[in-house]
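# Structural characterization, general
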Amino acid sequence: MEKESRSSLSKLIEAYDKRDLAAIQWSENQGQTVGFLGSEVPEELLIAAGFLPIKVAGTEKTDTRIGSVYLESGFDPMIHAQFTRLVEGSYSYLDHLIVSNSSDALIRSYYYLRALHHVEREVLFPKPFFHDFLHTKFHSSALYNRDRTKDLINQIEVWTGEPLREERIVEAIKTCNETRTLLKKMDSFRRCEQPRISGVHALKIIGASMFMEKVEFNNLLKQYLDKVSEMPVIKGVRLFVTGSSHEHTQFYEAIEREQAVIVGEDHENGSRYYEGLVDQEVDPIDGIVDRYHYRFNPSSQATVSERVASLSENVVAAKAQGVISFIYRSDDAPSWDFPEQKKILDKLGIPVLLLDKQDYKVADEKGLRKKLNQFIDEIKRNSSKNINIEGERND
Amino acid sequence: MTEPHTSAKKDTRGTQRGTASVKRLNTPKLATAYQKEWFLSLREKVEAGEPLAFVNADVPQEIFRAMDIPYVVNQWWSSVCSAKQMSPYYLDLLNEHGYRQDLCRYCSLSLASAFDTEPEKGPWGGLPKPTVAVTRLTCDSQSKIFELWSKKFGVNFYALENTVPREIPNNWWELAPDKWEQLFEPHRLDHMLEDFKGLIRFLEINTGKVFSETKFKKVLQLVNEQAEYNRKTRDLISKTKPSPVSITDTVPAVMVPQWQRGTQWAVDIAKHLYEEVKGLIEAGEAVCKNERVRLMWLGRGLWFNLGFYQHFEKKYDASFMWSIYLALASDAYARYGEDPLRTLASRFVGMEDMLHMPPWNSDWYVKEAKNNNIQGAVHIISDSCTMSAGGTYFVKKAFEEANIPLLQLHADPVDSRGWDNDVMTAKIEDFIENEIGVKPC
Ligand code: SF4
């Protein structure tokens, strides 16, 4: 039993670790692949068109210096990694590329990608299409987002050469909703009193859903979840990760080596990816737009108070004993959030560790371990006093 | 003349201070005197109960003008604090409140000054308490800064959205004044129009003021007149060798009225600048009579150290005669159209593209470099701002293709704490001597 669950897990992990494999196979056998950058690209529409959507992502092996030739040092290193993989040709198998406006650096990167097509003789990635999706919750933004989503559909129809049929969209919505529901269920095995899924595995599983075909992913995740209650309980201090996003697991691994378990996070490669379902009772375009529009925003698109509210809510729900704010260098948005987030965490009696100006890869492993160790030890020492989370003890 | 090498002095708090520039023209003096008067009268009005809006540079100030709502521009206030050598003190305050040292220094000075327990000790008695705050979401930090700031004062804030173009136009500067419907995609203009309507309603409710369509049309007309004078001034300077003025003259002469645009005073001062420059040319005056190098300063002005540029005039007969400020005021502001609010939207919708996005900005820089017979460009890049660098790679490439030497320098234009005058001077000297090939006089 446990073996079966492990083998579905290892397949998911493989999809995460070899993140281009499924897409390369797809483009060799089935059809077109579409890379997406940014978290507002509605995968439903791409799936409905018969494409395989794949998230453009760096890896811990990416040499970000290649992207840095083109990008500003004021852009965060994750963008440098993603950009590197595009310009170095790792995504030359893609048929199309869509960028959305998840952050200022990403918007600017879109201009740069497009400008490369304009000024360089040879580029190794498709001409990018921009999906302009606004984040303020004003009605005018909701209408704008609907129109841009229709533009995206028009573009998809140009790519496929045929109309995008509504029943295909409805079908794709069901598939993606199932993915989200399953991931949400997985999340419950992290947040519960006795977590059985580590942060590293969770990050890999969530990530795998962006690198492989969704129906296959859903089947594997179902198999894994069926058996997960038989897995051993993971002991350790319960931590929540906020700040910048993570598209490789180096940092999570460093934490979980120190007798701690990551029970939640609020970045876009974590729980935000599966937050909120598309309403299946309404017009499919309305449903899709609303789902992407009304989720809680990532730091880059949210006010400080929105981030404070979502962090405290999530941290309490995850019964976290401590929070780590991990922020890449030049990732300004979470740095603006931090001082106010700390105030609320102080009020809740939840300690927080700020790891600021971080590189894309863990640079000083020894130094990091030392800081993590101190932080975790301090939580352990104080855990008997730490009864602020819904009045429960956390150890 | 001040010699920045020797006069970039340390103040009592150990911070390197910049130098003020030597004034060649009377217009900047008039402008700076006016802005102080204006600010003091604004204080009085606000203390007497008038509303005050605190707005970001890329917010349509014409709307506030038409509604008679006094406003202070975030970046203008930054430049004032910086020129008064107060940025180190304010930025230190921000750091004491938990914000890291290199966080958005260009736009956070006003927020920083709000942490001051003695705000009245700020420039000209400090910023008075605002009624509303308005920004535009052109980078991730704007909504953070403005929300934190507005909470500090317990006032409402409005965030205008920013949309992204899909098309790359050729020669946007030719289309902008009259053919902007062709230049900007209609859905972007439509959205901005809606957003402006929302802003007007927000201001009506929060300030009790009225939006006068008649006044608005007048304001738009005045802004165009101001832009026309700026264009004439720019064209005059660009074709005159040796250059009659340097950017230390034109930056304050253009920027102070830029924040007053839509007033008769701003038109008059733009006209005054034009006439003064023309007078200088007629009298045979120049920055360097024996001009050997014409230089471009790409990026934000060095507000705390405007005197910096004068060293190169003396040593090399090199004039920094071009900055984005006059050039943008000439090419990016004038708009003519039937529907006033949509016409205004066309002024703002692509501002970010023109300034910071390649190839919009790089094409324009090269066009300006050629028109001004530029021999070298110094591009200042602030690493603490995602926005400002604006396609470093593409700017470099565009200059390479145009065969114009370019030096890219990393420095923060408002934070004097990290400015090393000697190093920066040496880099520019090396550039002039070895890339442009001009030796000291
Ligand atoms: S990123 Fe630049 S423009 Fe934006 S708030 Fe920071 S300093 Fe200002």
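Residues numbered from 1 in each chain as written. Chains lettered and ligands numbered in written order. Predicted model: local features only at pLDDT ≥ 70, side-chain atom pairs only at ≥ 80, totals over all residues. Heavy atoms only, no water.

## Regarding the site of the ligand
All names here are of chain B. Neighbouring the ligand are Cys104, Tyr106, Cys107, Cys139, Ser141, Gln142, Ile145, Arg300, Cys385, Thr386 and Met387. Those elements that provide at least two residues to the shell around the ligand are helix 6 (105–114) and helix 7 (142–153). Residue composition of the shell around the ligand, by class: seven nonpolar, three polar and one charged. (Near = heavy atom within 4 Å. Helix = DSSP H or I, 4+ residues; strand = E, 2+ residues; numbered from the N terminus. Nonpolar A, V, L, I, M, F, W, Y, C, P; charged D, E, K, R; others polar.)

## Structural notes on helix 15 (residues 365–382) of chain A
All names here are of chain A. The end-to-end C-alpha distance of helix 15 is 26 Å, a good match for the 26 Å that 18 residues give at a rise of 1.5 Å each. Buried within helix 15 we find Leu368, Leu372, Phe375, Ile376 and Ile379. Buried residues in helix 15, looked at end-on, bunch into an arc of 95°, giving them a common side. Away from its buried face, by an angle of more than 90 degrees, helix 15 presents the exposed residues Lys366, Lys370 and Arg381. Among the structural elements, strand 5 (237–243), helix 11 (250–256), strand 6 (260–265), strand 7 (322–328) and strand 8 (352–358) are those in contact with the buried residues of helix 15. (Expected span 1.5 Å × (residues − 1). Buried < 20%, exposed > 50% of the residue type's maximum accessible area, 1.4 Å probe, protein only. Arc of directions from axis to C-beta. Contact = heavy atoms within 4.5 Å.)

## Topic: the sheet that holds strand 1 (residues 33–37) of chain A
Residues and elements named next belong to chain A. If you trace the four strands from one edge of the open sheet to the other, you get 2-1-3-4, paired in parallel fashion. Bordering the open sheet on either side are strand 2 (52–55) and strand 4 (128–131), each of which pairs with just one other strand. Here the average twist between neighbouring strands, direction ignored, is 30°. Note: strand 1 against strand 3 (residues 96–100), four bridges, orientation parallel. The residue bridging Leu37 from the neighbouring strand is Val99, located in strand 3. Against the sheet, helix 2 (residues 21–29) touches strand 1 and strand 2, its axis set at about 150° to strand 2. Contacts from helix 7 (residues 139–160) reach strand 3 and strand 4, with the element oriented near 155° to strand 4. (Pairing = 2+ DSSP bridges. Axes fitted to C-alpha atoms, helices over the stretch in contact; angles between N-to-C directions.)

## Quick notes on the state of the cysteines
Under the counting rule described, the total for this entry stands at zero disulfides over all chains. Distance from the sulfur of Cys441(B), which forms no disulfide, to the nearest cysteine sulfur (Cys288(B)) is 7.5 Å. (Disulfide = S-S within 2.5 Å.)

## Structural notes on the nonpolar core
Of all hydrophobic cores here, the largest spans 230 residues; its most connected members are Ile63(B), Phe64(B) and Phe399(B). Ranked by the residues each element gives to this core, the list is headed by helix 6 (residues 104–119) of chain A, at nine residues. Those residues in contact with Phe64(B) that sit more than four places away from it in its chain are Ala53(B), Val55(B), Val59(B), Ile69(B), Tyr71(B), Val134(B), Leu199(B) and Leu203(B). Leu45(A), Phe129(A), Ile156(A) and Tyr292(A) belong to the second-largest nonpolar core, a separate cluster that totals 26 residues. (Core = buried A, V, L, I, M, F, W, Y, C linked by side-chain atoms within 4.5 Å.)

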